[in-house]
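# Fold and geometry: a report
So the chains spell out like this:
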Amino acid sequence: MAIVYDPANAVSRTDAESIKKIVDSGIKIQGGGKLDAILVSVSELGKLSRAKIAFLTPGLSAHYTAINRATSAASIITITTDIECVRVAKCIIGVSTQPNLTIYYSKEAADNAKIEFSQAFSMLVKQP
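To keep things clear, this report deals only with the structure shown in the data block. Since this is a predicted model, take the numbers as computed values, not measurements.

## As for the state of the cysteines
Evaluated as defined, the whole model comprises 1 disulfide. Cys 85 shares a disulfide with Cys 91; S-S distance 2.0 Å. Torsion about the S-S bond of the Cys 85 and Cys 91 cystine: about 70 degrees, corresponding to right-handed handedness. On the accessibility criterion, Cys 91 (0% relative accessible area) is buried.

See the structure below:
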């Protein structure tokens, strides 16, 4: 899992470090594996090719197109709390927790990355 951040943005950098600590503390995946996180600066998007999932921190709107280009080319699922990224079809999944948990999905962004989800998933998420 890659955590994409902007080192020039203090909030983005802090969020990235916090997320990495949580993931590195031991998120286990089906089959007994463990999820590992790498920090990827917006200036080092070539490192994304090693990931299957990319979590985007807040504050990356100026980099949406470059991130989308890199993640789509490598068929990487993008996840963010910045719903605007999903609205403009640059991120595949957006998560909002206020006032309730809501998951948003951009079919266009998924199609661009050649990623397909089951119909059951599509019924559980909202299009922004």
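From this point, things continue past the structure.
## Points about the environment of Ala 70
Relative to the helices and strands, Ala 70 resides in helix H2 (residues 64-73). On the basis of relative accessible area, Ala 70 is assigned to the partly exposed category, the value being 22%. Through-space distance from the C-alpha of Ala 70 to that of Leu 48 is 7.2 Å; in sequence the pair is 22 residues apart. When near neighbours in sequence (up to four residues on either side) are disregarded, Ala 70 contacts Leu 45 and Leu 48.

## Side note on the packing of aromatic side chains
A full pass over the atoms with the stated rule returns 3 aromatic pairs. Consider the rings of Tyr 105 and Phe 117, whose centres lie 5.4 Å apart with planes at 85 degrees: the pair is edge-to-face. You can see Tyr 105 sitting in strand E6 (residues 102-105) and its partner Phe 117 sitting in the loop between helix H4 (107-112) and helix H5 (119-124), a full 12 residues away along the chain. Seen from their ring centres, Tyr 105 and Phe 121 are 5.6 Å apart, and the 90 degrees between their planes marks the pair as edge-to-face. Of the two residues, Tyr 105 is situated in strand E6 and Phe 121 in helix H5; the sequence distance between them amounts to 16 residues. Site record: aromatic cluster; members linked through ring pairs are Tyr 105, Phe 117 and Phe 121.

Quick notes on the rules
Residues numbered from 1 in each chain as written. Predicted model: local features only at pLDDT ≥ 70, side-chain atom pairs only at ≥ 80, totals over all residues. Heavy atoms only, no water. Disulfide = S-S within 2.5 Å. Buried < 20%, exposed > 50% of the residue type's maximum accessible area, 1.4 Å probe, protein only. Helix = DSSP H or I, 4+ residues; strand = E, 2+ residues; numbered from the N terminus. Contact = heavy atoms within 4.5 Å. Phe/Tyr/Trp six-rings, centres within 6.5 Å; stacked < 30°, edge-to-face > 60°.

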